[in-house]
Amino acid sequence: MGNQDQSPGSSGDDGHSKGQILENPPQEKVTIETEREETGIDWISELPDALIVQILSQLPIQDAFKTSILSKRWQYPWTSIDNLIFDNRNTNWSDRENVINKFISFTDNVLPLLCCSKIKKFCLYFRFCLVASYSSKIDKWLEIALKKKVEDLDLEIWYYDQNPYVLPQVLCNNSSIVKFNCEFCRMPEECVLNWTSLKSLTLTYLFLRDEHVEQIVKNCPQLESLKLCEFCGFHRLHITSPKCRSLQLIDHAHPDGDWGPFGGDCSFEIVAPYIQHLKISGHFDNVEIRLGDLSSLVHADLTFSVDVVFDKTVELLLASVRCANELMIPCWFIEMIYVSVLEKKKDVPLLKLKCKQLTINSWISKNAILGIGVLLKSTPYLENLTILHEEGDFFVWDEDLEGEEFDWSGDNSLSLHENIFKGSLQNLKHVEVTSNCCSCPHKADATERLSEFLKSLLEHAKNLEKLVIAPWHNGCNISSANISKVIKNLLAFPGASNIAVVSLGSVSGVDFSRE
């Protein structure tokens, strides 16, 4: 009542009601330092020790250690952290030797001062030149971490010569590690891998012999997830533990030098009856992959690339993952299916797949549509279909096949529309097509191919509920005007009347969504 000095929360000339929080009010921008000066209290130092230790545990150990110079209050909290990150990767390598020596000296002095009874996570990211000079140092650091019962161990030990760091025997036989990520290292000779508590294992750029893989499978009874990246060496991977539900194989590499000569064609077999999630991606050049019992599969990602296709590879791989509910396949699968049909001069069906959600990485050309159609005829339970073409997944048809026209066993009266999806889309409810996947370099009229494909879907997918043309990336050779024309023609197509929802995104700011 007549009060001249109004608080920030009271009603004033600015029209804001009492209690309303103003967005970024300038008068309320009070820094922690200003508040400390006004009250005389260092609020950060007043935090409980446990919370300070938790905050410091999120920092690289070098940064956590620097807080010891702030005051007497901050001298020792860093010694209690149980999440240790030693990292020399983001440093100035112009003075490489000095940088490495400083990192080694720091690690040597800091690790023995840590007083935590147990280490939750220990990360060592170390890059150096001559492995022989530092192996004993790394062994010592790992020994300290292992004595403190480390649970999560992350090693990235990058070397600039041809001799990778050899894991110490004490690490290969451990009962405390639950999660282990190891890059650029080497298994010791005559070692026995025995990780009794291990649940998650990721190995990158390692030469793994068959005995290594057998020991991992046999001596890691708690293992739930196995991921191998840039690997080679073994020929059999038989995972029989009911607890292991996830397997990822990413990039097959042939290491050189002291890792042993290993070149030319190779093959390996996977049998994993309890695996639910399987991913095989990246490059698998000159490698034949054979899949055995995968009867528990829920999700299968087979988006790997090859430079050599072995006889019946696609048919055998699809047969092995036929029980998966979700399936992702690369463009060369579609090419090989097309080649098989072309060679046999007839549509030979594949084994029936149980998948309800299918993602195909492929162009949409006339030949590709044929391969996609054959695949869809083997998926009678399919409900969700996604067709895209991701950057870097190259799809090049054989030049000798590009000019071929497919003859449906001499019956030229039947068009592509009337045959390609007939009887195969009865359960399909949702379709998503990325429009740049029709930019096939061998076909100039991509717009026609897209229209042909979408109309075929509308005609034969009687229970389709939603069709999505997803946004496309720069470089698509289909203009916005042509896409707009395709969409308008599609909406006028008789089959569109049976679709409950058509969501087609926008072209040049025009929204074509229709409910």
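Note that the structure is predicted; figures quoted are calculated from it, not measured.

A few words on unusual backbone geometry. Despite not being glycine, glutamate 190 shows a phi value in the positive range, around 60°. For glutamate 190, the location among the structural elements is in the loop between β7 (185-186) and β8 (194-195). Assessed through its relative accessible area of 75%, glutamate 190 is described here as exposed. With a phi angle near 55°, tyrosine 205 is a residue other than glycine that sits in the positive phi range. Topologically, tyrosine 205 is positioned in the loop between β9 (200-204) and α7 (210-219).

Buried residues dominate strand β12 (residues 246-252), accounting for five of its seven residues. In the sheet, strand β10 (residues 225-231) pairs with β12 via six bridges, with the strands oriented parallel. What sits directly across from serine 225, in β12, is serine 246. In this sheet, strand β14 (residues 277-283) lies alongside β12 in parallel orientation, the contact comprising five bridges.

Turning our eyes to something else, we now look at the pattern of salt bridges. On inspection of all chains with the given rule, the structure shows seven salt bridges. Between lysine 137 and aspartate 108 there is a salt bridge, with the nearest N and O atoms lying 2.8 Å from each other. Of this pair, lysine 137 sits in helix α5 (residues 131-147) while aspartate 108 sits in helix α4 (residues 96-110), and the two are 29 residues apart along the sequence. Using a relative accessible area of 30% as the deciding quantity, one classes lysine 137 as partly exposed.

Among the eight residues in helix α8 (residues 313-320), six count as buried, and that is most of the element. Looking at α8, one finds that the buried residues are Thr313, Val314, Leu317, Leu318, Ala319 and Ser320.

Moving on: the environment of leucine 237. Within the secondary structure, leucine 237 sits in strand β11 (residues 236-238). Along the backbone, leucine 237 and isoleucine 216 are 21 residues apart, and their C-alpha atoms lie at a distance of 10.0 Å. Those residues in contact with leucine 237 that sit more than four places away from it in its chain are Val213, Val217, Leu226, Leu247, Leu249, Glu269, Ile270 and Val271.

Moving on: the environment of lysine 312. Note that lysine 312 resides in the loop between β17 (304-305) and α8. For the pair lysine 312 and serine 340, spaced 28 residues apart in sequence, the C-alpha to C-alpha distance is 9.0 Å.

Moving on, we come to the packing of aromatic side chains. The full count for this structure, using the stated rule, is 18 aromatic pairs. Seen in terms of ring centroids, phenylalanine 86 and phenylalanine 122 are 5.8 Å apart; in terms of plane orientation they differ by 45°. Their pairing is tilted. In this pair, phenylalanine 86 is assigned in strand β1 (residues 83-87) and phenylalanine 122 in strand β2 (residues 121-128), connecting sequence segments 36 residues apart. What makes phenylalanine 86 buried here is its relative accessible area of 0%. A residue is classified by how much of its surface remains accessible, and phenylalanine 122, at 0% relative accessible area, is buried. Here the aromatic rings of phenylalanine 304 and tryptophan 332 are separated by 5.5 Å at their centres, their planes lie at 70°, and the arrangement is edge-to-face. Separated by 28 residues along the polypeptide, phenylalanine 304 in strand β17 and tryptophan 332 in helix α9 (residues 331-344) bring together distant segments of the chain.

Attention now moves to the environment of valine 150. Within the secondary structure layout, valine 150 lies in the loop between α5 and β3 (152-159). Residue valine 150 is classed as buried on the basis of its relative accessible area of 0%.

Across the sheet, three strands lie side by side as β11-β13-β15; this open sheet has parallel pairing. Strands with a single pairing partner mark the edges of an open sheet, and in this sheet they are β11 and β15 (287-291). On average, each strand axis in the sheet is tilted by 10° relative to the strand beside it, whichever way the strands run. Relative to β15, strand β13 (residues 266-271) is paired through five bridges, and the arrangement is parallel. By the bridge assignment, glutamate 269 is partnered in β15 with arginine 290.

What follows concerns helix α10 (residues 366-376). Of all the 11 residues making up α10, 10 are buried; the element is thus mostly covered by neighbouring parts of the structure. Considered for burial, the residues of α10 that qualify are Asn367, Ala368, Ile369, Leu370, Gly371, Ile372, Gly373, Val374, Leu375 and Leu376.

The rules behind the values
- Residues numbered from 1 in each chain as written.
- Predicted model: local features only at pLDDT ≥ 70, side-chain atom pairs only at ≥ 80, totals over all residues.
- Heavy atoms only, no water.
- Helix = DSSP H or I, 4+ residues; strand = E, 2+ residues; numbered from the N terminus.
- Buried < 20%, exposed > 50% of the residue type's maximum accessible area, 1.4 Å probe, protein only.
- Pairing = 2+ DSSP bridges.
- Salt bridge = Lys/Arg side-chain N within 4 Å of Asp/Glu carboxyl O.
- Contact = heavy atoms within 4.5 Å.
- Phe/Tyr/Trp six-rings, centres within 6.5 Å; stacked < 30°, edge-to-face > 60°.
- Axes fitted to C-alpha atoms, helices over the stretch in contact; angles between N-to-C directions.

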